[in-house]
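Geometric and topological summary
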Amino acid sequence: MALENAEVLSELKERYTTIVEQLNELSNTRVKIQGAIDVLQQIEDSKEEEAQAATKSEVVVDEGSSVDGEPSDGTDSIDSDS
């Protein structure tokens, strides 16, 4: 019971069409997943940048609390002349 060329050809064309449709669906899924990855990566990167900026601003505020780098003892150089 040999298969006829016409039957084999018909089956191959059907399989080809099915495979092309599956590949297109997979390609669309890949593009969507890549887009989601890109968006989430950008969100994570911006969070890290905000955290670094907040850390830098805290350091600047802490350093700026004493103008001359010495703790304030409540006396000024002007008061010592009196």
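Everything below is about the structure printed above this text.
Let me begin by describing the structure that accompanies this report. (Residues numbered from 1 in each chain as written. Predicted model: local features only at pLDDT ≥ 70, side-chain atom pairs only at ≥ 80, totals over all residues. Heavy atoms only, no water.)

Let us now look at the overall build of the protein. Of the regular secondary structure elements, the protein holds one helix and zero strands. Looking at the protein as a whole, 0% of its 82 residues qualify as buried. If you sum the accessible surface of the protein, you get close to 7900 Å²; carbon and sulfur atoms cover 55% of it. (Helix = DSSP H or I, 4+ residues; strand = E, 2+ residues; numbered from the N terminus. Buried < 20%, exposed > 50% of the residue type's maximum accessible area, 1.4 Å probe, protein only. Areas by Shrake-Rupley, 256 points an atom, 1.4 Å probe, with all protein chains shown as cover.)

Considering all chains together, one arrives at one salt bridge under this definition. The closest approach of N and O atoms between Glu44 and Lys47, which form a salt bridge, is 3.6 Å. Note that Glu44 and Lys47 are positioned in helix α1 (residues 5-64) at a spacing of three residues, about one turn of the helix. (Salt bridge = Lys/Arg side-chain N within 4 Å of Asp/Glu carboxyl O.)

Quick look at a nonpolar patch on the surface now. Together, Leu3, Val8 and Leu12 make up a nonpolar patch on the protein surface, roughly 270 Å² of accessible area in all. Inspection of the secondary structure assignment puts Val8 in helix α1. Classification of Val8 by relative accessible area gives partly exposed; the value is 32%. (Patch = residues over 30% accessible without salt bridge, like charges linked within 9 Å, V, L, I, M, F, W, Y side chains within 5 Å.)

On the surface, a cluster of negative charge is made up of Glu4, Glu7, Glu11 and Glu14. Topologically, Glu14 is positioned in helix α1. Given the relative accessible area of 53%, Glu14 is considered exposed. (Lys, Arg positive; Asp, Glu negative; His and termini not counted. Charge placed at Lys NZ, Arg CZ, Asp CG, Glu CD.)

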